[in-house]
Every structure is written in structure tokens, then in C-alpha cells.
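Residue-level listing of the chains:
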Amino acid sequence: MQQPNITQILISEDEIQQIVQRMGAEITTHYSSLEKELIVIGLLRGSFIFMADLIREIQAPLVVDFMTVSSYGDGTVSSGDVKIVMDVDSSLEGRDVLLVEDIVDTGRTFAKVVRMINNRKPRSLKTCTFLNKPSARISDVQVDFCGKDIPDEFVVGYGLDYSQRYRELPYVGILQL
Ligand code: 5GP
């Protein structure tokens, strides 16, 4: 059932499944000859549902870790003030790392986290996002695996929130307040 304030379903449950399967296959191909397990780092909280689906589509040995960064507070406009709230447990030096984000908007969050992880000297670092808003980009950041490019609208569902609500929606919808 569509929620009030959701003006349009942008990505249906079926399409989400197809996207995640395609990304899992791409990532599997890329990591076909790993030396050690891949470390998959999800940025909380928005990526938790995508992460859960994605890792089950990756046919490679992997371990999971999480990091929490905050940039939006309770609003819908990126503040640019990115704070690391909770760090990963794993040592990343010499390891293959895949960083997983729910959505790349201005790119500030991703750029900051990529810099931080690169400082820890991983063997390789690749980036992955479920959604991408290319027209909102301010910081230059490379996205290696991308689910879908979307227009510059505020979206919720499939892990993405507005003031911690709507994460449980099985689809991605445009929120109009
Ligand atoms: P950036 O730093 O790229 O501007 O913002 C990235 C973060 O902002 C994402 O991880 C996500 O938490 C939040 N964000 C950006 N755009 C949206 C959106 O359309 N909907 C929701 N729910 N969060 C967004």
C-alpha cells in the first residue's frame, strides 16, 4: 500500500530485486581472485537493507562491517558537515574493501569516508551505491558499482528514511512534505 506523502513509486520491489542481482553479479565477477575475504563496509543506517540483500548476491568470501556517519540531521538537505559517529572494527590495511552506501547525493559523505579508508592503506577500495543522484554532485567521487541513477528528488524506503521513518517500505518512493 502506498503511504501518504509518497507522491510516486520510483523503484518497485521487483525492480529493486533485479538491480541488486545485477550488482551482485558485477561485484562477484570483479572479485573472482581474492587473496583474503573481501571486507564489505556498510554505511549506517540507510544501507542496512541493501547490504543484507547485496551480500547474499555476492559469490565470494566476505566479511561484513559497518560505519556510521551523519550528514543530514533530521532535514532533507545535506549540510556538508560529515561526522564519523561509529568506526569499523576491522583493520583495513592490506585488505580488499568494498564500501556500500544507500545513496550518493552531493558526494560529500562518500568522498570523506573514501579518504578516511584510503588513509588506512587497504589493498584495494571500491565503492558501491544503490542509488545515485548525478545532478546533485558537488564532491568528485568515483562510484564503481551503481544500482540506479535517479533525479534530484528526496526519496525514502528500502532503508532510506526521513526523520527515521519510511525505512521499512519495500519500494523507493518520492517524498513530498
Ligand atoms: P551526500 O553527502 O552525498 O550529499 O549525502 C549522502 C547521504 O545523505 C546518504 O547516505 C543519505 O543518508 C542522505 N541522502 C541523500 N539523498 C537522500 C534522499 O533522497 N533520501 C534520503 N532518505 N536520504 C538521502
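Bear in mind the structure is a predicted one, so any value in this text is a computation, not a measurement. (Residues numbered from 1 in each chain as written. Predicted model: local features only at pLDDT ≥ 70, side-chain atom pairs only at ≥ 80, totals over all residues. Heavy atoms only, no water.)

A. Here's a closer look at the site of the ligand. Around the ligand sit 17 residues in total, of which T106, G107, T109, V155 and D161 are the nearest. A distance of 2.8 Å is found between an oxygen atom of the ligand and a side-chain nitrogen or oxygen belonging to D102. At 2.8 Å from an oxygen atom of the ligand is found a main-chain nitrogen or oxygen belonging to G107. When the ligand is considered free in solution it has 500 Å² of accessible area, and contact with the protein chains removes 92% of it. Of the residues forming the shell around the ligand, the biggest block, 4 residues, is contributed by strand β5 (residues 96-104). Here the residues of the shell around the ligand sort into 6 nonpolar, 4 polar and 7 charged. (Near = heavy atom within 4 Å. Polar contact = N/O pair within 3.5 Å; in protein donor to acceptor, adjacent residues only side chain to side chain. Areas by Shrake-Rupley, 256 points an atom, 1.4 Å probe, with all protein chains shown as cover. Helix = DSSP H or I, 4+ residues; strand = E, 2+ residues; numbered from the N terminus. Nonpolar A, V, L, I, M, F, W, Y, C, P; charged D, E, K, R; others polar.)

B. Spotlight on the sheet that holds strand β8 (residues 155-156). The 3 strands lie next to each other as β1-β9-β8, forming an open sheet whose pairing is antiparallel. Looking at which strands have only one partner, the edges of the open sheet turn out to be β1 (6-11) and β8. In terms of strand pairing, β8 meets strand β9 (residues 172-175) through 2 bridges, oriented antiparallel. By the bridge assignment for β9, V156 is matched with G173. Each of β1 and β9 touches helix α1 (residues 13-30); the most contacted strand, β1, lies at about 35 degrees to it. (Pairing = 2+ DSSP bridges. Contact = heavy atoms within 4.5 Å. Axes fitted to C-alpha atoms, helices over the stretch in contact; angles between N-to-C directions.)

C. The arrangement of the packing of α1 against helix α2 (residues 48-55) in detail. Relative orientation of the contacting elements α1 and α2 amounts to 60 degrees, with a least axis distance of 9 Å. In terms of orientation, α1 and α2 fall into the oblique class. Two packed elements cross with a definite hand, and for α1 against α2 that hand is right-handed. On α2, the residues that touch V20, M23, G24 and I27 of α1 are F50, D53 and L54. (Parallel < 35°, antiparallel > 145°, perpendicular 65-115°, else oblique. Left-handed = near helix turned anticlockwise from the far one by under 90°.)

D. Representation of the environment of R95 within the structure. Assignment of secondary structure puts R95 in the loop between β4 (83-86) and β5. Along the chain, R95 and S124 lie 29 residues apart, while their C-alpha atoms are 6.7 Å from each other. Here R95 is in contact with K36, E37, I39, P122, R123 and S124, once residues within four sequence places are set aside. Of note is the side chain of R95, whose polar atom sits 2.9 Å from the backbone oxygen of E37.

E. Focus on unusual backbone geometry. Here the bond from L44 into R45 is cis, since omega is 0 degrees, no more than 30 degrees from zero. By the element assignment, R45 lies in the loop between β2 (38-44) and α2. If you check the backbone angles, Y158 has positive phi at about 50 degrees while not being a glycine. Turning to its location among the elements, Y158 is positioned in the loop between β8 and β9. Positive phi values are uncommon outside glycine, yet Y166 reaches one of about 80 degrees. Position of Y166 among the secondary structure elements: in the loop between β8 and β9. For Y166, a relative accessible area of 4% translates into the label buried. (Buried < 20%, exposed > 50% of the residue type's maximum accessible area, 1.4 Å probe, protein only.)

F. Molecular detail of the side chain of E101. Note on placement: E101 falls in strand β5. Beyond its immediate chain neighbours, meaning those up to four positions away, E101 contacts L43, S47, F50, T109, F110, C128, T129 and F130.

G. Main features of the pairing of strand β6 (residues 124-132). Within β6, 7 of the 9 residues are buried, leaving the element largely enclosed by the surrounding structure. You can see the chain leave β5, run along helix α3 (residues 108-118) and come back into β6, and the turn it takes is right-handed. The sheet contact formed by β6 and strand β7 (residues 145-149) spans 4 bridges and is parallel. Following the sheet pairing, T129 is matched in β7 by C146. (Right-handed = clockwise from strand over helix to strand, strands pointing away.)

The values are spatial; any link to function lies outside them.
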